[in-house]
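Spelled out from the first residue to the last, the chains are:
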Amino acid sequence: MKVIAAMLLVAVLWSQEWKSVLSDSIIHIGAIFDESARKDDEVFRLAVADLNLNNEILETEKITISVEFVDGNNPFQAVQEACELMNRGILALVSSIGCMSAGSLQTLADAMHIPHLFIQRSPAGTPRSACQPTSRIPGTDDYTLMVRPPVYLNEVIMQVVSEYSWQKFILFYDSDFDIRGIEDFLDWTSQQGMDVSLQKVESNINMMISSMFRTMRTEELHRYRDTLRRAVLFMSPATAKAFVTEVVETNLVAFDCHWILINEEISDYDLQELVMKSIGRLTLVRQMFPMPQNTTQRCVKHNHRINTSLCDPKNPKAQQLEITNRYIYDTVLLLANTFHRKLEDRKWHSMASLSCIRKNSKPWQGGKSMLDTVKKFGVSGLTSFLEFTDNGTNPNIFFEILGTNYGEDRGRGVSRLATWDPVHGLNGTLTDRKLENNMRGVVLQVVTVLEEPFVMVSENVLGKPKKYQGFSIDVLDALSNYLGFKYEIYVAPDHKYGSLQPDGQWNGLMGELVFKRADVGLSALTITPERESVVDFTTRYMDYSVGVLLRKAERTVDMFACLAPFDLSLWACIAGTVLLVGVLVYLLNWLNPPRLPMGSVSSTTLYNSMWFVYGSFVQQGGEVPYTTLATRMMMGVWWMFALIVISSYTANLAAFLTITRIENSIQSLQDLSKQTELPYGTVLDSAVYDQVRSKAMNPFERDPMYSQMWRMINRTGGGDNNVEESKEGIRKVKYGRFGFVWDAAVLEYVANNDEDCSFYTVSNNAPDRGYGIAMQHGSPYRDIFSQRILELQQNGDMDILKLKWWPKDSPCDLYSSVQTRQRGNALDIHSFAGVFCVLAAGVVLSCLIAMVESWWSRRKGSRVPSKETQADGPSARQAAETCPHSPNEHPLALASQTQNQTSNTANTTAPTATHYQPPACCDIPCALIVQHSYEPANPSELTPKMRMTTFTTSPPTPRTIRRSTWSTYTAGLTACAPRMKAPTSSSPPLPSI
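Criteria and thresholds
Residues numbered from 1 in each chain as written. Predicted model: local features only at pLDDT ≥ 70, side-chain atom pairs only at ≥ 80, totals over all residues. Heavy atoms only, no water. UniProt positions renumbered as here; feature names shortened; annotations may be inferred. Helix = DSSP H or I, 4+ residues; strand = E, 2+ residues; numbered from the N terminus. Buried < 20%, exposed > 50% of the residue type's maximum accessible area, 1.4 Å probe, protein only. Areas by Shrake-Rupley, 256 points an atom, 1.4 Å probe, with all protein chains shown as cover. Disulfide = S-S within 2.5 Å. Patch = residues over 30% accessible without salt bridge, like charges linked within 9 Å, V, L, I, M, F, W, Y side chains within 5 Å. Salt bridge = Lys/Arg side-chain N within 4 Å of Asp/Glu carboxyl O. Lys, Arg positive; Asp, Glu negative; His and termini not counted. Charge placed at Lys NZ, Arg CZ, Asp CG, Glu CD. Pairing = 2+ DSSP bridges. Core = buried A, V, L, I, M, F, W, Y, C linked by side-chain atoms within 4.5 Å. Contact = heavy atoms within 4.5 Å. Axes fitted to C-alpha atoms, helices over the stretch in contact; angles between N-to-C directions. pLDDT = per-residue confidence, 0-100. Phe/Tyr/Trp six-rings, centres within 6.5 Å; stacked < 30°, edge-to-face > 60°. Parallel < 35°, antiparallel > 145°, perpendicular 65-115°, else oblique. Nonpolar A, V, L, I, M, F, W, Y, C, P; charged D, E, K, R; others polar. Expected span 1.5 Å × (residues − 1). Polar contact = N/O pair within 3.5 Å; in protein donor to acceptor, adjacent residues only side chain to side chain.

- As recorded in an unreviewed UniProt entry, the protein goes by Glutamate receptor and comes from Amphiprion ocellaris.
- Quoted straight from UniProt, the Subcellular location (unreviewed entry) entry for the protein says "Postsynaptic cell membrane".
- Taken verbatim from the UniProt record of the protein, the Sequence similarities (unreviewed entry) comment is "Belongs to the glutamate-gated ion channel (TC 1.A.10.1) family. GRID2 subfamily."

1. Quick notes on the overall build of the protein
Turning to step 1, where the next piece is worked out: A count of helices and strands for the protein gives 35 helices and 32 strands.
Turning to step 2, where the next piece is worked out: Buried residues in the protein amount to 47% of all 993 residues.
Turning to step 3, where the next piece is worked out: Accessible surface, the protein: about 50,800 Å² in total, of which carbon and sulfur atoms supply 54%.

2. Brief notes about the state of the cysteines
Turning to step 1, where the next piece is worked out: This model, assessed by the stated rule, comprises one disulfide.
Turning to step 2, where the next piece is worked out: With a sulfur-sulfur separation of 1.6 Å, Cys99 is cross-linked through a disulfide to Cys131. Disulfide Cys99-Cys131: torsion about the S-S bond near -65 degrees, hence left-handed. Residue Cys99 is found in helix α5 (residues 99-112), and its partner Cys131 is found in the loop between β4 (116-118) and β5 (144-146); the two are separated by 32 residues along the sequence.

3. Regarding a negative patch on the surface
Turning to step 1, where the next piece is worked out: A contiguous patch of negative charge, built from Glu155, Glu183, Asp184 and Asp187, is present on the exposed surface.
Turning to step 2, where the next piece is worked out: Examining the composition of the negative patch, we find that three residues originate from one element, helix α7 (residues 183-191), more than from any other.

4. Focus: the pattern of salt bridges
Turning to step 1, where the next piece is worked out: Taken as a whole and judged by the stated rule, the model has 25 salt bridges.
Turning to step 2, where the next piece is worked out: Between Arg782 and Asp783 there is a salt bridge, with the nearest N and O atoms lying 3.6 Å from each other.
Turning to step 3, where the next piece is worked out: Accessibility expressed as a relative area gives 23% for Arg782, which makes it partly exposed.
Turning to step 4, where the next piece is worked out: We classify Asp783 as partly exposed; its relative accessible area is 35%.

5. Looking at the pairing of strand β18 (residues 443-448)
Turning to step 1, where the next piece is worked out: Pairing between β18 and strand β21 (residues 486-491): six bridges, direction parallel. Along β21, the bridge assignment pairs Val447 with Tyr490.
Turning to step 2, where the next piece is worked out: Here β18 runs beside strand β22 (residues 520-522); their pairing, made up of three bridges, is parallel. Its bridge partner being in β22, Val446 is matched across the sheet by Val520.

6. Quick word on the nonpolar core
Generally speaking, soluble globular proteins have nonpolar side chains that are buried together.
Turning to step 1, where the next piece is worked out: Counting residues in hydrophobic clusters, the biggest one holds 87 residues, and the most contacted among them are Phe454, Phe471, Tyr541, Leu549, Phe740, Ile773 and Phe785.
Turning to step 2, where the next piece is worked out: For this core, the leading source of residues is helix α17 (residues 471-483), giving seven residues.
Turning to step 3, where the next piece is worked out: Residues within four places of Phe785 in sequence aside, it is in contact with Met439, Leu444, Leu479, Leu483, Phe485, Thr538, Ile773 and Met775.
Turning to step 4, where the next piece is worked out: Among the nonpolar cores identified, the runner-up in size contains 66 residues, and Ala47, Ala102, Leu105 and Ile119 belong to it.

7. A short note on the sheet that holds strand β2 (residues 63-70)
Turning to step 1, where the next piece is worked out: Taken together, five strands build an open sheet; the order of strands is β2-β1-β3-β4-β5 and the sheet is parallel. Sheet topology places β2 and β5 at the edges, where each strand pairs with a single neighbour. Strand-to-strand twist of the sheet, defined as the mean angle between neighbouring strand axes without regard to direction, takes the value 20 degrees.
Turning to step 2, where the next piece is worked out: Sheet topology places strand β1 (residues 27-34) next to strand β3 (residues 92-96); five bridges connect them, and they run parallel. Each bridged residue has a counterpart across the sheet, and for Ile29 the counterpart in β3 is Ala92.
Turning to step 3, where the next piece is worked out: Taken strand by strand, helix α2 (residues 38-52) contacts β1, β2 and β3, and its axis lies near 175 degrees from that of β2.

8. Looking at the UniProt feature "binding site: L-glutamate" (unreviewed entry) in the protein
Turning to step 1, where the next piece is worked out: This chain's UniProt record puts "binding site: L-glutamate" (unreviewed entry) on Thr526, Arg531 and Asp743.
Turning to step 2, where the next piece is worked out: With respect to the helices, strands and loops of the structure, Thr526 is situated in the loop between β22 and α19 (529-532).
Turning to step 3, where the next piece is worked out: Judged by relative accessible area, which is 2%, Thr526 ranks as buried.
Turning to step 4, where the next piece is worked out: Not counting residues up to four positions away in its chain, the partners in contact with Thr526 are Arg531, Phe537, Tyr544, Ala687, Asp743, Gly770 and Tyr771.
Turning to step 5, where the next piece is worked out: Judged by its relative accessible area of 6%, Arg531 falls in the buried class.
Turning to step 6, where the next piece is worked out: Non-local contacts of Arg531, meaning those with residues more than four positions away in its chain, are made with Tyr497, Gly498, Trp506, Met510, Leu525, Thr526, Phe537 and Ala687.

9. Considerations on the confidence of the model for the protein
Turning to step 1, where the next piece is worked out: In this model, the protein carries a mean pLDDT of 75, and residues with pLDDT of at least 70 account for 72%.
Turning to step 2, where the next piece is worked out: Taken as a whole, residues 1-24 scores under 50 in pLDDT and shows three contacts with residues more than four places along the chain or in a different chain.
Turning to step 3, where the next piece is worked out: Confidence drops under a pLDDT of 50 for residues 407-411, and excluding neighbours within four residues, the segment shows twelve contacts in the predicted structure.

10. Quick notes on the packing of aromatic side chains
Turning to step 1, where the next piece is worked out: Enumeration according to the criterion identifies 25 aromatic pairs in this entry.
Turning to step 2, where the next piece is worked out: Aromatic side chains Tyr689 and Trp710 sit 5.2 Å apart centroid to centroid with 65 degrees between the ring planes, which places their arrangement in the edge-to-face category. Of the two residues, Tyr689 is situated in helix α24 (residues 687-697) and Trp710 in helix α25 (residues 704-713); the sequence distance between them amounts to 21 residues.
Turning to step 3, where the next piece is worked out: For Tyr689, a relative accessible area of 6% puts it in the buried group.
Turning to step 4, where the next piece is worked out: Trp710 gets classed as buried once you look at its relative accessible area, which sits at 11%.
Turning to step 5, where the next piece is worked out: Aromatic side chains Phe740 and Trp742 sit 5.8 Å apart centroid to centroid with 20 degrees between the ring planes, which places their arrangement in the stacked category.
Turning to step 6, where the next piece is worked out: An aromatic cluster is built from Phe454, Phe471, Tyr541, Tyr544, Tyr771 and Trp806, whose rings are joined through pairwise contacts.

11. Some thoughts on unusual backbone geometry
Turning to step 1, where the next piece is worked out: For the bond from Glu452 to Pro453, the omega torsion is -5 degrees, close enough to zero to count as cis.
Turning to step 2, where the next piece is worked out: Its location among the elements puts Pro453 in the loop between β18 and β19 (456-459).
Turning to step 3, where the next piece is worked out: Phi at His113 is positive, roughly 60 degrees, even though this residue is not glycine.
Turning to step 4, where the next piece is worked out: Inspection of the secondary structure puts His113 in the loop between α5 and β4.
Turning to step 5, where the next piece is worked out: A positive phi angle, close to 75 degrees, is found at Ser384, a residue other than glycine.
Turning to step 6, where the next piece is worked out: Position of Ser384 among the secondary structure elements: in strand β14 (residues 384-386).

12. With respect to the sheet that holds strand β26 (residues 680-681)
Turning to step 1, where the next piece is worked out: Taken together, four strands build an open sheet; the order of strands is β26-β27-β25-β28 and the sheet is mixed. The sheet terminates laterally at β26 and β28 (759-763), the two strands that pair on one side only.
Turning to step 2, where the next piece is worked out: Here strand β25 (residues 546-551) pairs with β28 via five bridges, running antiparallel. Residue pairing in the sheet places Arg551 in a bridge with Phe759 of β28.
Turning to step 3, where the next piece is worked out: Seen against the sheet, helix α27 (residues 744-752) touches β25, β27 (739-743) and β28 and runs at an angle of roughly 120 degrees to β27.

13. Thoughts on the packing of helix α10 (residues 237-249) against helix α11 (residues 268-277)
Turning to step 1, where the next piece is worked out: Contact geometry for α10 and α11: axes closest at 9 Å, N-to-C directions at 10 degrees. Relative to α11, the element α10 is oriented roughly parallel. Contacts from Pro237, Ala240, Lys241, Val244, Thr245 and Val248 in α10 reach Asp270, Glu273, Leu274 and Lys277 in α11.
Turning to step 2, where the next piece is worked out: Taken together, the residues of the contact of α10 with α11 break down into five nonpolar, one polar and four charged.

14. As for a nonpolar patch on the surface
Turning to step 1, where the next piece is worked out: Nonpolar side chains collect at one region of the surface, where Leu580, Val583, Leu584, Leu587 and Leu606 lie side by side and expose about 380 Å² of accessible area between them.
Turning to step 2, where the next piece is worked out: For the nonpolar patch, the element with the highest residue contribution is helix α20 (residues 568-591), accounting for four residues.
Turning to step 3, where the next piece is worked out: Overall, Leu580 belongs to the exposed group, its relative accessible area being 52%.

15. A word on helix α4 (residues 75-88)
Turning to step 1, where the next piece is worked out: Between its first and last C-alpha, α4 extends 20 Å over 14 residues, near the 20 Å set by a 1.5 Å rise per residue.
Turning to step 2, where the next piece is worked out: Ala78, Glu81, Ala82, Cys83, Leu85 and Met86 are the residues of α4 that are buried.
Turning to step 3, where the next piece is worked out: On the buried face of α4, the contacting elements are β1, β2, β3 and α5.

16. Let's talk about the side chain of Arg326
Turning to step 1, where the next piece is worked out: Among the structural elements, Arg326 can be located in helix α15 (residues 323-344).
Turning to step 2, where the next piece is worked out: Although buried, Arg326 forms no salt bridge, and the nearest oppositely charged side chain, Asp268, lies 7.1 Å from it.
Turning to step 3, where the next piece is worked out: Ignoring any residue separated from it by four or fewer positions in sequence, one finds Arg326 in contact with Phe289, Ala318, Leu321, Leu382 and Thr383.

17. Considering the environment of Leu91
Turning to step 1, where the next piece is worked out: Structurally, Leu91 can be placed in the loop between α4 and β3.
Turning to step 2, where the next piece is worked out: Between the alpha carbons of Leu91 and Leu335 there is a distance of 9.5 Å; along the sequence they are 244 residues apart.

18. Structural notes on the environment of Tyr771
Turning to step 1, where the next piece is worked out: Here Tyr771 shows up in strand β29 (residues 769-771).
Turning to step 2, where the next piece is worked out: Considering only alpha carbons, one finds Tyr771 and Thr526, 245 residues apart in sequence, at a separation of 4.4 Å.
Turning to step 3, where the next piece is worked out: Side-chain polar atoms of Tyr771 contact the side chain of Asp743, separated by 3.3 Å.

In structure tokens form, the structure reads like this:
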């Protein structure tokens, strides 16, 4: 209880002493602070306490203060509290509030002639915006002094963006920031043609990001990620830390992003936290206060020593000082020095209480003198040097620009890049640092897809990493040797280039880059707008065009190639012509029979006519003489016809046996699109697939050729003609009827390296895209890779790499649709297999006919008579075997008798029957084949019947002579003659043989 009583006694004594000081003091300062800025009040009281302890400035005088807190957005309250302070009798008014209330206080100060030292305070630590000028009565003095310098954020950010050469970025600002404060900057970006997006950051950042993911489509989200690569943040440090944390955790930014945070109110503590939470490159622009490095010099200012807790940079309290706190301390110090000078000059005007309510209230008479003294002198304090110009502004402001390097490492070092002030501008270089040629120590993760000849496995040893080769690998090695980096390569898990899936995610190689699992994507990867929306590409290192792989026409192994020169219908017409001409020849001879010489064995039967026509057609001649004019005319025309047909056949046969028929007439993509017999397709959901679909269905770039191709490729939804990977398409071309639409460079390599040279390619000669190296969005390696690729192209190294995989002296002709031969080849057995087959068939058929004839002869007997012989009697062989004869009977006797009787029959003028008495020794007469020759006086009486050969077993009678297909049968006469007796005088003469 004694302790409590003692404390109460001390408090009463202190209050009585303070009241006496307040009543006796002639220095009274009023202060109005924002109710959320309690720290301003703390620093204000600390400054007054320091000055009251300094006898060198105010000597025996002490400063008394009155402090009021107001709502920064309530001007009426601010004016009311200021009037209350003026009624108490103040020499100066210090305010740390926003622009809205400051305008009202400025009007009041001008009316009452009270010096008003205004320290602009932005709400919640957001960047300042310039206060709108307050309308004043012309000719009146401005009693408000702007302690904080004017807002130069527009000028600073213009300089920074210009140095970085940004052309596209997004500008974020929090809800408390007045966007009108950067109106000049936005106008400047518009004049420079920059692409600047604005987005307000809500207080609930997590909800804002979640709403983006719900409302944005996948394509829009990818474009938004691309925009986030470059960003400018106008927000408080607290909001900036929360926003950076959220976008990093939601994977909206990568380590290759570059953000600029500009705010005068960024403490060292805020700086370290921002660096810890962010990835990529971070640039911070904040206000700085040049201070001596020596602690003693920092704390001792002329005749005043600043409190160590505020001036020592190692003190935690000093590290957390806000800019308004610093200006408040220096404002009190400036007023103290002003009061000191006024006391020395003995020009002090005591302050009486003023009333704001009374209409006839007069302003303070000493206000003008006090204002001039404040503006005349400056003071060195926590803000370096505080002074005012004639227009009442503080000209001393300095900005420092801090920055980090690219990377994902947390806690990266921060260094000062440059400084800026209104007089000298930028001091330093802010060029966006690109990676230099030295990338030693950098290990890149490279994802690829196997595609000949861009990326191929060269060595696959169990237990060791795979080794790769190819054109793209050669380009990567050239970059690695020059820049000094190393890489680890792996194949995409699904072996695909990647496409946008229905769920909005990318798969394949593209997915590895989008999800930050790889740094570089390398293969036969084409640059497309869809891919560029989610990843970055280097400059193209090779042109790209669409081509089609087709199989060359091969020599068809045809056993009946000898029949190929003529069509089947033509062969049928030739066969019918042979039969028709044979019948015509026979009819012409039948209507006008020719004269046959004595002893002729030729016969003009239908069979012989057919045989003669066929023999003349195949240029083998014939054995039947034709002497009539009509027949010879017919045969002459037939021989001319046969000559033309045989000559044409021979010439065409040579061509068919030496030259491959051209089965493919496709020589361009237009030819491919116009035909429908040969199916063709590409890899499903590939870049080629998307390109054909886009040019076929996009109304702005619709191409009729691609429209026709799309109808074939998309047949039955694309399942029939498309394949899952390029190797499958190449196999379909090689072993079937198929055309594979794919990258022309890949197809040329496949055609070049085919062992049989069985492929040829057709491509579009105008490349509209290119192959590039893909990287993550905003990758710091893109520009240096592109620069090195351009150097490789300019010095010819890229052409040398191309010749390694696409040589000019290729053994295969890539553009010919037929198999070309380096030299002439001998005809093989396959070319004449059909001829040998026909010959074999003829041999087999002849043997079969011979066997049938032999069987028929055994069945009927060795001398089976023909139908005509059976009608006339037994055969000649039967008569000869049964007819007895003596050894003296000889055929020559019969022959002599025949010659003696020839003269008797030669004079016959009409066809009469020749009577013949068979030998008496035989009951059955011998069979004789007799050719009757007639030489009548009138040749027109000759008929075909008179020239026919007849079988007879009895002397011919005047009956009609039967026709026979036999020309001669001398064996019967030979066999029968030895058995014949010499004729008697009464016997009829023998027929002429």
